[in-house]
Amino acid sequence: MKNSKDYYRGCLLGGAVGDALGYPVEMLSNEEIQNSYGEKGIRRLVLDSTSGKALISDDTQMTTFTVDGLLWADSRAKERGIYGYTPCIFYAYQKWLYTQTGYFADKNYEFLLKGEVLEWEELYTQRGPGRTSIPTLAGCINGKYGTMTNRINGSKGSGAVMRAAPVGLYFYDDSKMAFKIGCESGAITHGHPSAYLPAGVLAYVIAEIISGANLESALAGALEELQRYEGFQETLEAVTRAVSLAKSQDQTLGKSDQAAADLLDIAAIGGGWTGEEALALAVYCAMRYPNDFESAMYLAVNHDGNSDTVAAICGNILGAYLGSMEIPFKWILQVELADLMVHGADKMIRALQEEE
Ligand SMILES: [Mg+2]
């Protein structure tokens, strides 16, 4: 079992440092990255000249609000016996909308202003939010939001999976529940199955890892569960391809040939702008370096595709798998809001221990 602070912190800090490493190069091709950062690509956190910190982006910001929603649901369940995880996550995302725009979709949501997470000033800044989440949340009035049966739009962007890891941490002892709530949390803003099902897969994988499974068996279980959901094919195909490419890599290649082979594999999986591709790329990088957090991160950001999101998801997975001690300490010191990640992880552990 890995239901201890070290692995919960690892999951959230791992996501944050991956996000921060990839954010400056999110929109750059691999060639452009090499032109700016050298032949080996970006291999350090870029520090902001004002704050001196490596900036996180929308991925980590929204993940923080997923934690917030789950903790709120947890306290409501304990105090009043009301179980409503997805509504609470929806309201937490309204708080995120408030940090990005200064308003809620509905005046009736202003009661949310008292939430603790809104006291963190660093969250009040736009860091490349995807095109879907802000306008979609801004249209969610009267407590209504997207669900798997009542799909809110056709978006298959990576914005649903990138924020789902905390669902796996919370439901670590019930991975099927993690899958379901992961999907529901994604469907709040993203209506395409290839956007919200990857969120379910990620939550399931994190839950299994926390329960002690290795990466491969966690993934196998997640892919089995995935097939119970409508519209699973694209996600199944993408992740299956990533796993088989990672496993079939020729181990006898020299370092530079291996790096070239990795890039070809990554190009074959896709750019990571859609949910299933972002998840598949993160899975590929995690499986190539399951015991080497740093190398997995370099692989996750140095390519033509969606660097911050792929590295954020990969960082969530490997951080949960290896624990926070395996994340370079320098990165933890440099990344923005590391204290909020630790705070969120520890609060979640406390909430779960109260139940036992
Ligand atoms: Mg981002």
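These notes cover the structure that comes with them. The residue numbers shown here count from 1 along each chain, following its written sequence. The model is predicted, so local features are restricted to residues of pLDDT at least 70 and side-chain atom pairs to those at 80 or more, both for listing and for counting; the totals for chains, interfaces and linings are taken over all residues. Each side-chain value is derived from all of the structure's non-hydrogen atoms; neither hydrogens nor water enter the calculation.

1. Quick notes on the overall build of the protein chain
Here's step 1: Helix and strand assignments come from DSSP, with helices taken as H or I runs of at least 4 residues and strands as E runs of at least 2, each series counted from the N terminus. Helices and strands together make up the secondary structure of the protein chain, namely 16 helices and 0 strands.
Here's step 2: For this measure, only C-alpha atoms enter the radius of gyration; the expected value for a globule follows 2.2 Å times N^0.38, where N is the number of residues. For the protein chain, the C-alpha radius of gyration of 19 Å lies close to 21 Å, the compact-globule estimate for 356 residues.
Here's step 3: Seen through its principal axes, the protein chain has C-alpha atoms that stretch 60 × 50 × 40 Å.
Here's step 4: Per-residue accessibility, obtained with a 1.4 Å probe over protein chains only, is compared with the maximum for each type, and a residue is labelled buried under 20%, exposed over 50%, and partly exposed between these values. When each of the 356 residues of the protein chain is scored for burial, the buried share is 60%.
Here's step 5: Residue contacts are counted whenever heavy atoms from the two residues lie within 4.5 Å of one another. Taking all contacts inside the protein chain whose residues are at least 6 apart in sequence as the whole, residues at least 24 apart take part in 76%.
Here's step 6: All accessibility values rest on the Shrake-Rupley procedure with a 1.4 Å probe; residue burial counts only the protein chains present in the view. On the protein chain, roughly 14,200 Å² of surface is accessible, and the fraction owed to carbon and sulfur atoms is 49%.
Here's step 7: The average position of the 29 basic charges and that of the 45 acidic charges among the side chains of the protein chain differ by 4 Å. When charges are counted, Lys and Arg contribute as positive and Asp and Glu as negative, whereas His and the chain ends are disregarded. Charged groups are reduced to one reference atom each: NZ for lysine, CZ for arginine, CG for aspartic acid, CD for glutamic acid.

2. A closer look at the coordination of the magnesium ion
Here's step 1: Metal coordination here is assigned from N, O and S atoms located within 2.8 Å of the ion, or within 3.2 Å for Na, K and Ca; omission of water means that sites may look incomplete. The protein atoms that coordinate the magnesium ion are Ser-57 (OG), Asp-58 (OD), Asp-59 (OD) and Asp-308 (OD), at distances of 2.1 to 2.3 Å.
Here's step 2: In the primary structure, the donors to the magnesium ion are separated according to the pattern S-D-D-x248-D.

3. A short note on the pattern of salt bridges
Here's step 1: Salt bridge, as used here, is a side-chain nitrogen of Lys or Arg placed within 4 Å of a carboxyl oxygen of Asp or Glu. Scanning the entire structure with this criterion turns up 15 salt bridges.
Here's step 2: We note a salt bridge from Lys-78 to Asp-74, for which the minimum N-O separation is 2.6 Å. Separated by 4 residues within a single helix, Lys-78 and Asp-74 lie in helix H3 (residues 58–80), roughly one turn from each other.
Here's step 3: Owing to a relative accessible area of 36%, Lys-78 belongs among the partly exposed residues under this scheme.
Here's step 4: Across the pair Lys-176 and Glu-225 runs a salt bridge whose closest N-O atoms are separated by 2.8 Å. Note that Lys-176 is positioned in helix H7 (residues 175–187) and Glu-225 in helix H9 (residues 215–226), a separation of 49 residues in sequence.
Here's step 5: The exposure class assigned to Lys-176 is partly exposed, which follows from its relative accessible area of 46%.
Here's step 6: Overlapping salt bridges, with partners in common, bring together Asp-74, Lys-78 and Glu-354 in one network.

4. Here we look at helix H16 (residues 338–355)
The periodicity of an α-helix, 3.6 residues per turn, causes residues three or four places apart in sequence to face the same way.
Here's step 1: Take the number of residues in a helix, subtract one, and multiply by 1.5 Å to get its expected span. Counted at 1.5 Å a residue, the expected span for H16 with its 18 residues is 26 Å, and the 26 Å between its end C-alpha atoms agrees.
Here's step 2: Where H16 is concerned, the buried positions are Ala-338, Leu-340, Met-341, Gly-344, Ala-345, Asp-346, Met-348, Ile-349, Ala-351 and Leu-352.
Here's step 3: Those residues of H16 that are buried are in contact with helix H1 (5–22), H3, helix H6 (165–170) and helix H15 (329–334).

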